[in-house]
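What the coordinates show
What follows is each chain in one-letter form.
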Amino acid sequence: MDKENQNNAISFLSLRKPSNEDDERFISGIDSSYQAAKLRSASKNKLANDFHSPVRFSWKAFWKTMVYENLPPVIFSPLAAIFLESSLSRAWHVSQNRGLIALSTKHHPPLFIIQSWLIVYPGSWLMNVGLFLALFSDSQAITNIDPFHIILAYMLLFMRRLIIATKYGYFRPEDLERLCLPAPDWDNDKTIRRLVGQAWLQPWLFPGLIRDELTVAMDENDICLQGIPIELKNSSSEPYFDEASCDLFPPKTSASKENEVASGFLLYNIIKSVYKGPVLNNFRPILFFSILLMTVTPFLIKFLYDTTMFGITLNEKIISAATLIGFFNGFQLLMFGLVCSIDFERRFQTSKKLGDMATYPGLLLTSIFQDSSISKESRIYIDLQKRVNVFAWMNMRKVLRSFGEAFYLRIQSYTSILIFYSLFCVAILNVIVWSEIRHHISTIYVIGVIIILISSISIFAIFKAIKLQSLSAEHRDFIRNELFIIEEEIWELKLAGIGEEHISDLQSAKALLEQVDESINYKELIYKPTTIFGYAANNGVMGSILSLVLTGVLFAVQGFVSTDISYDAFGWFNF
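Before going further, it helps to examine the environment of Phe288. Looking at the secondary structure, you find Phe288 in helix α14 (residues 283-304). Phe288 sits 218 residues away from Asn70 along the chain, and the two C-alpha atoms are 26 Å apart.

Counting across every chain of the model gives 20 salt bridges. Notably, a salt bridge pairs Glu177 with Arg90, separated by 3.1 Å at the nearest N-O pair. Of this pair, Glu177 sits in helix α9 (residues 173-178) while Arg90 sits in helix α6 (residues 88-97), placing them 87 residues apart in sequence. Of the residues examined, Glu177 reaches a relative accessible area of 37% and is grouped as partly exposed. By relative accessible area, which is 25% here, Arg90 ends up partly exposed. The partner of Lys528 in a salt bridge is Glu405, with the nearest N and O atoms 2.5 Å apart. Linking Lys528 in the loop between α20 (500-527) and β5 (531-532) with Glu405 in helix α18 (residues 405-435), this pair joins segments that are 123 residues apart in sequence.

It is worth spelling out the packing of α14 against helix α19 (residues 441-496) at this point. Orientation of α14 relative to α19, taken along the N-to-C sense of each, is 165°, at an axis distance of 8 Å. Put simply, α14 runs roughly antiparallel to α19. Crossing handedness for the pair α14 and α19: right-handed. Contacts between α14 and α19 pair Ser290, Leu293, Met294, Thr297, Pro298, Ile301 and Lys302 from the former with Ile441, Ser442, Tyr445, Val446, Val449, Ile450 and Leu453 from the latter. Looking at the contact of α14 with α19 residue by residue, the classes come out as 10 nonpolar, three polar and one charged.

Further remarks concern the packing of helix α16 (residues 331-357) against α19. In the contact formed by α16 and α19, the axes pass within 9 Å of each other and the chain directions differ by 15°. Taken together, the axis directions place α16 and α19 in an arrangement best described as roughly parallel. For the element pair α16 and α19, the recorded crossing hand is left-handed.

The rules behind the values
Residues numbered from 1 in each chain as written. Predicted model: local features only at pLDDT ≥ 70, side-chain atom pairs only at ≥ 80, totals over all residues. Heavy atoms only, no water. Helix = DSSP H or I, 4+ residues; strand = E, 2+ residues; numbered from the N terminus. Salt bridge = Lys/Arg side-chain N within 4 Å of Asp/Glu carboxyl O. Buried < 20%, exposed > 50% of the residue type's maximum accessible area, 1.4 Å probe, protein only. Axes fitted to C-alpha atoms, helices over the stretch in contact; angles between N-to-C directions. Parallel < 35°, antiparallel > 145°, perpendicular 65-115°, else oblique. Left-handed = near helix turned anticlockwise from the far one by under 90°. Contact = heavy atoms within 4.5 Å. Nonpolar A, V, L, I, M, F, W, Y, C, P; charged D, E, K, R; others polar.

So, in structure tokens, the structure goes:
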């Protein structure tokens with residue numbers, strides 16, 4: 001067993017600590033596999049509240065976080081915590097866990113505290129002071145500064161704060177409660193494991209994360225996959241099954257017969273095979289290039305027009321420094337966009353592998369299990385003409401759809417926030433052009449760069465979302481084709497007057513496949529599809545977003561032509 005599986009015993013769940021002993025105790029207490037799909041009611045000696053419920057967005061947690069994030073740290077946001085948490089003890093732990101005034105080494109490592117006081121807190125205060133000076137200073141005191149620079153930079157920061165508020169909005173109630181308790185009920189490690197840009201981007205560095213999320217997904221769907229077997233030919237003779245097992249998801253349980261394996265074991269290894277490494281190989285170069293281009297553009301253009309880059313007066317220098325920090329901080333927004341595309345791609349790959357298992361001749365074993373002893377031609381095939389396999393495959397699919405659902409819902413929201421910022425920049429461009437407000441030409445350049453970068457990353461993420469959503473329709477088409485073929489096979493067997501037992505098996509599988517067809521159609525295509533801006537991800541949504549961005553840009557170009565805008569030798573708009 002590899003190092004990762006040895007560490008898989010680590011669990012960071014708030015409600016229950018999953019174990020193979022508990023699973024076996026549950027499985028031994030049920031009479032049939034269908035009871036494993038009624039986890040709560042079949043768990044006679046366990047309270048239903050011990051299992052995780054589907055995540056729900058909390059507007060209370062969202063708005064509370066918006067207050068904490070938008071008020072300056074160290075002074076105002078901790079004071080807000082005292083008022084909102086109604087307890088000094090809870091306010092203290094909330095302030096530490098959220099980094100509002102990092103002091104306690106029990107909640108965060110010393111390096112985090114040092115970075116907060118040397119970089120994060122001064123940067124936050126500088127951004128607020130810079131925006132205030134740009135908006136309310138006498139225009140004669142900041143003649144060398146374009147206020148639109150700090151507005152764009154601050155909006156990048158605001159979008160990041162909106163993303164953080166959305167993150168806490170999708171926190172589970174039990175986790176929100178632990179944020180108010182003393183360490184180690186909650187600490188820096190638990191925070192990192194909830195971040196899409198760290199743990200969810202690199203789950204192989206966080207032992208037990210995949211196992212925990214799969215456990216939560218089973219709880220949400222009221223299913224114990226280890227109690228639902230799946231029939232595979234010669235499965236018991238495959239030694240690499242034991243090599244690939246982890247403590248919570250072994251290939252065999254008391255519910256598995258000789259020619260069967262636990263469906264939880266297969267699903268765990270499918271997920272692990274996709275989430276074990278990076279998906280986007282050029283992630284860092286793309287991120288570094290994008291943030292460098294966004295940060296440098298306004299100052300480089302001012303330099304080329306022989307305009308002082310950071311101003312002359314103290315107010316101008318403060319605003320310029322805040323602008324630089326704001327644009328550099330925009331790397332987090334770009335990173336979120338790339339992580340969104342990665343998550344959609346990973347979900348596509350896991351769903352595709354599960355679908356390929358049910359498509360003859362099956363899925364190559366080497367794409368799931370990394371073992372040099374496996375033949376390159378060996379495949380794993382789930383025959384959906386067997387009712388036991390239909391039942392197991394659909395339950396695996398339901399759990400997979402809910403895997404990491406708190407992250408999944410956040411990812412969809414983050415994609416929409418990115419698009420919103422791009423549309424905001426388009427709106428600012430039109431306001432500048434059509435209102436003929438004083439501005440520097442560098443503002444036009446930086447808006448153009450932001451629109452191109454943010455829109456490109458957003459469209460890439462939307463493309464991946466559409467790809468994932470389309471897979472549900474493809475799988476439904478596959479199921480309907482299976483139904484069509486099974487119906488014909490049943491008819492021919494009846495005409496031949498043979499295979500009564502086989503006919504009964506086919507009719508049983510067909511009846512369950514019809515339920516699978518309806519379930520995929522309702523849950524994945526109607527009730528809970530992959531969404532962008534609240535709409536199911538499809539080519540129409542992408543077309544609408546592209547149309548909004550392009551129409552806004554073309555409208556601004558028309559404004560340039562119509563108003564005959566021109567600039568002086570230093571790049572300032574001529575009134």
